[in-house]
There are 2 protein chains.
Amino acid sequence: MRCLPAPGLAEPQPVGRWALRLEYDGGPFVGWQRQASGVSVQAVLEEAATRLAGGVPLAVLAAGRTDAGVHAAAQVAQLDLPEALAARLSADHLRDALNFHLKPHPVVVTAAAPAPAGWHARFSAIGRAYAYRILNRPSRAALAAGRVWHVKRPLDASAMAEAAGLLLGRHDFTSFRAAACQARSPVRTLDALVVRRSDDVIEIEAHARSFLHHQVRNMVGTLKLVGDGHWPASRVTEALAARDRASAGPTAPAAGLCLVAVTYPQDPFAA
Amino acid sequence: MRCLPAPGLAEPQPVGRWALRLEYDGGPFVGWQRQASGVSVQAVLEEAATRLAGGVPLAVLAAGRTDAGVHAAAQVAQLDLPEALAARLSADHLRDALNFHLKPHPVVVTAAAPAPAGWHARFSAIGRAYAYRILNRPSRAALAAGRVWHVKRPLDASAMAEAAGLLLGRHDFTSFRAAACQARSPVRTLDALVVRRSDDVIEIEAHARSFLHHQVRNMVGTLKLVGDGHWPASRVTEALAARDRASAGPTAPAAGLCLVAVTYPQDPFAA
């Protein structure tokens, strides 16, 4: 994901704004954001919306701009439809029509709803949750290929959980921030960082209002150093205090990351 | 899966027999069994073993011959190695070497162990467990594509669970048996058929000593008729009693099925 700049002035709310919940396999994409270098989730969705609108160019904007290879189980985006079109579409109709035009890409709209007054997919969001999965066994993934980080060396999930606890709360996360991060402030509040092992899979779930660019993957890459015994858990506190990217661990691969929830003061999809 | 003929006379036990636990994505394969029509999991594994043995042709045999498109999280197979090779391989070495030669196919050996005396991957097995996943929502799968049966119409998982209970126990399962099934007897004992819903996913887990060809998929196809209201749960009892394939529901798609466990009186992989 990328950093979130502070909200600007509220835009005027178009009449035909819809909230969309999206699931996608990030594998074949250059990320959420349109780029000259390849196909993005945004481009695929905008193309589907434009086809639905009979050729009128339409733009979508997401709660979190996931990076290349990062998946989403519940991304949220906004789509402003021309008023005449918005008026004659039901939520189910819009969802099904977009899904029709999204084929054969691994992107689907799982829910659509008229946006509440004043709602903005990105600036109204008050929480993001990401899940990161490590396949921790000698053999590479067959069934979960492209959805996990394969780490052969046995990881101590308890030590990782202890280290994760040291990152909770409000901190300057400069040590875990990508060089390219555009956020004005490196201060974020990490509400949860849960490490769970289930057989061969270690899942790390991270909750915050927003994250810095690469923050989750940099935290996971650091926890892995604790898990495999390279670092004592306490070194995570030193890395955080250093406010220096070089003091923390490497960036974990994109394939293991999935955006699993975006929360709003009022759930736009609550029926 | 295919039917299991009754065990024949015990074969003499080769010295170099190994037990392998396998995970595979069934999507790109014609099934477990070698076939002229395409690439099978068996062929890919035998080729890897043969390369490991420096060109000596080697054969593998599995506990359950999964059909085209059916996945496995824990298939079990046996591999008889030339004695000299078997003597100088550790279990980890064999696993890693096979995995090296299995690349880039979505098939991995997750465990290898010297087989206990008299052990046979198929005839020694006393239980098989399959999991079937239905994605029950309007939108097709993006993240679980190729791993689920997508059913748009809402299914009543409680009604399906009630119907599943009627299939438990020892019965003549002719109504749920593929025409091509080669088993001598259509009688099987279904030990468990659990239906669970978690959000949009309905998982059906089936346990038995062995299953008839297509039995799990035919049971799932029938439970789906109950779930979508076409059938009352009680009609499953009638379908079973009819001993006629035409009286039960259609065969559910292969993609939703996964072999999740094979059990033996003594677990060959218990360290």
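Values in this document were obtained by computation on a predicted structure and should not be read as measured data.

A.B. asks: How should the overall build of chain A be read in this particular structure?
C.D. replies: Across its full length, chain A holds six helices and ten strands. Relative to a compact globule of 271 residues, whose C-alpha radius of gyration would be 18 Å, chain A shows 19 Å and is just as compact. Expressed as a percentage of its 271 residues, the buried residues of chain A come to 57%. Intrachain contacts of chain A at a sequence separation of at least 6 include 72% that bridge at least 24 residues. Accessible area for chain A stands at about 11,400 Å²; split by element, carbon and sulfur atoms hold 55% of it. Of the charged side chains in chain A, 29 are positive and 22 negative, and the gap between their average positions amounts to 4 Å.

A.B. asks: I'm lost on the domain arrangement of chain A in this one. Help?
C.D. replies: Residue and element names in this part refer to chain A. Structurally, chain A comprises domain 1 (15–120) and domain 2 (127–262). When each unit is reduced to the centre of its C-alpha atoms, the spacing between domain 1 and domain 2 is 28 Å. Across the boundary between the two partners, domain 1 contributes 13 residues, which contact 15 residues of domain 2. Both faces combined, the contact of domain 1 with domain 2 buries some 1,100 Å², and carbon together with sulfur accounts for 54% of it.

A.B. asks: For this particular structure, what's the right way to read helix 4 (residues 157–165) of chain B?
C.D. replies: Note on helix geometry: an α-helix contains 3.6 residues per turn, so any two residues three or four positions apart are oriented the same way. Residues and elements named next belong to chain B. Among the residues of helix 4, A157, A159, M160, A163 and A164 are the ones counted as buried. Buried positions in helix 4, seen along its axis, are confined to an arc of 155° and lie on one side of it. Along helix 4, exposed side chains directed more than 90 degrees from the buried face belong to S158 and E162. Taken together, the buried residues of helix 4 touch strand 5 (127–136), strand 8 (187–198), strand 9 (201–208), helix 5 (215–227) and helix 6 (235–242). Measuring from the backbone nitrogen of S158 back to the side-chain oxygen at the start of helix 4 gives 3.0 Å, which picks out D156 as the cap.

A.B. asks: How should the packing of aromatic side chains be read in this particular structure?
C.D. replies: Both the distance between ring centres and the angle between the ring planes are used here to describe each pair of aromatic rings. Residues and elements named next belong to chain A. This structure, assessed with the given rule, holds ten aromatic pairs over all chains. Between Y132 and W149 the ring centres are 6.3 Å apart and the planes differ by 90°, which places this aromatic pair in the edge-to-face class. Taken together, the residues Y132 in strand 5 (residues 127–136) and W149 in strand 6 (residues 149–151) connect sequence positions 17 residues apart. We note that Y132, like W149, is buried. A ring pair is formed by F173 and F176, whose centres lie 6.2 Å apart and whose planes are at 65°; its orientation type is edge-to-face.

A.B. asks: Can you walk me through the relation of the copies chain B and chain A in this structure?
C.D. replies: Turning one copy of the chain about an axis and sliding it along that axis gives the other copy, so a rotation and a shift relate them. Mapping chain B onto chain A calls for a rotation angle of 180° and an axial translation of 0.0 Å; the resulting RMSD is 0.0 Å. Such values leave the two copies arranged in the relation of a two-fold axis. Minimal C-alpha separation from the rotation axis in chain B is found for A144(B), amounting to 5.0 Å. Same-surface contact between copies: 100% of interface residues of chain B are shared with the interface of chain A.

A.B. asks: Please explain the packing of helix 1 (residues 41–52) of chain B against helix 3 (residues 91–102) of chain B as it appears in this structure.
C.D. replies: Residues and elements named next belong to chain B. Following both chains from N to C, one finds helix 1 and helix 3 inclined at 115°, their axes separated by 8 Å at the closest point. Taken as a pair, helix 1 and helix 3 cross one another with a handedness that is right-handed. The segment helix 1 lies against helix 3, with V44, L45, A48, A49, R51 and L52 engaging L94, A97, L98, H101 and L102. Residues that form the contact of helix 1 with helix 3 fall into these classes: nine nonpolar, one polar and one charged.

A.B. asks: Looking at this model, I keep getting lost on the packing of helix 4 of chain B against helix 5 of chain B. Mind explaining?
C.D. replies: Angle between the axes and distance between the axes: these two values describe a pair of packed helices. All names here are of chain B. One can describe the packing of helix 4 onto helix 5 by two numbers: an axis separation of 8 Å at closest approach and a directional angle of 135°. The angle between the axes of helix 4 and helix 5 places the two elements in the oblique class. Between helix 4 and helix 5 lies a crossing of right-handed hand. Each of A159, M160, A163 and A164 in helix 4 lies in contact with helix 5, whose residues at this interface are L223, K224, V226 and G227. Here the residues of the contact of helix 4 with helix 5 sort into six nonpolar, one polar and one charged.

Reading guide: rules and limits
- Residues numbered from 1 in each chain as written.
- Chains lettered and ligands numbered in written order.
- Predicted model: local features only at pLDDT ≥ 70, side-chain atom pairs only at ≥ 80, totals over all residues.
- Heavy atoms only, no water.
- Helix = DSSP H or I, 4+ residues; strand = E, 2+ residues; numbered from the N terminus.
- Rg over C-alpha atoms; globule rule 2.2 N^0.38 Å.
- Buried < 20%, exposed > 50% of the residue type's maximum accessible area, 1.4 Å probe, protein only.
- Contact = heavy atoms within 4.5 Å.
- Areas by Shrake-Rupley, 256 points an atom, 1.4 Å probe, with all protein chains shown as cover.
- Lys, Arg positive; Asp, Glu negative; His and termini not counted.
- Charge placed at Lys NZ, Arg CZ, Asp CG, Glu CD.
- Domains from an automatic or database assignment.
- Buried area = accessible area lost by both parts, 1.4 Å probe.
- Arc of directions from axis to C-beta.
- Polar contact = N/O pair within 3.5 Å; in protein donor to acceptor, adjacent residues only side chain to side chain.
- Phe/Tyr/Trp six-rings, centres within 6.5 Å; stacked < 30°, edge-to-face > 60°.
- Least-squares fit on C-alpha atoms with pLDDT ≥ 70 in both.
- Axes fitted to C-alpha atoms, helices over the stretch in contact; angles between N-to-C directions.
- Left-handed = near helix turned anticlockwise from the far one by under 90°.
- Nonpolar A, V, L, I, M, F, W, Y, C, P; charged D, E, K, R; others polar.
- Parallel < 35°, antiparallel > 145°, perpendicular 65-115°, else oblique.

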